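# Secondary and tertiary structure notes
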Amino acid sequence: MTKHNNSFSNVLETLRSGWFLIVFIGGLVYWGARQDNALVDLEHLTTRITTLENRTNLLESGIGQLQLKIDGIKEDINLIKTAIIK
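What you are looking at is a predicted structure, and each value in this text was computed from that prediction instead of being measured.

### Some details on the packing of aromatic side chains
This model, assessed by the stated rule, comprises one aromatic pair. Aromatic pair tryptophan 19 and phenylalanine 20: ring centres 6.0 Å apart, planes at 90°, arrangement edge-to-face. Tryptophan 19 sits in the exposed class, given a relative accessible area of 53%.

Take a look at the structure:
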C-alpha cells in the first residue's frame, strides 16, 4: 500500500510542478482548435464575397445596358425636339 501511495504522490507532485506546462499545452490545443474553426469561417466568407461580386457584376452590366438605352432615348428626344422646332 505504501508503494501505491508513494507512486500516487509522485504523480501528484509531477502534476503540481508541471502545471504551467499543462496549461500551456491546453492553451495551444485551444488556440489550434480556434484557428481551425476560423479557417472554415474564412472559407465561408470567401464564398459569400465571391457570390456578392458576381451579383454586383451582373447588376453593373445591367445598369450599363439601361444607361445606353436611356442615352439612346435622350438622343431620339433631342432629334424630335430639333425637328419640331425647325
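### Thoughts on the pattern of salt bridges
Per the stated rule, a full pass over the model turns up one salt bridge. Residue arginine 16 is joined to glutamate 13 by a salt bridge in which the shortest nitrogen-to-oxygen separation is 3.7 Å. On the criterion of helical spacing, the pair formed by arginine 16 and glutamate 13 is a turn pair, its members being three residues apart in helix H1 (residues 2–17). Residue classification places arginine 16 among the exposed positions, given a relative accessible area of 55%. Its relative accessible area of 44% is what places glutamate 13 among the partly exposed residues.

### Digging into a nonpolar patch on the surface
A cluster of nonpolar side chains, contributed by Trp19, Phe20, Leu21, Val23, Phe24, Ile25, Leu28 and Val29, occupies part of the molecular surface with about 870 Å² of accessible area. Topologically, valine 29 is positioned in helix H2 (residues 19–85). Among the residues examined, valine 29 registers a relative accessible area of 57% and is labelled exposed.

Reading guide: rules and limits
Residues numbered from 1 in each chain as written. Predicted model: local features only at pLDDT ≥ 70, side-chain atom pairs only at ≥ 80, totals over all residues. Heavy atoms only, no water. Phe/Tyr/Trp six-rings, centres within 6.5 Å; stacked < 30°, edge-to-face > 60°. Buried < 20%, exposed > 50% of the residue type's maximum accessible area, 1.4 Å probe, protein only. Salt bridge = Lys/Arg side-chain N within 4 Å of Asp/Glu carboxyl O. Helix = DSSP H or I, 4+ residues; strand = E, 2+ residues; numbered from the N terminus. Patch = residues over 30% accessible without salt bridge, like charges linked within 9 Å, V, L, I, M, F, W, Y side chains within 5 Å. Areas by Shrake-Rupley, 256 points an atom, 1.4 Å probe, with all protein chains shown as cover.

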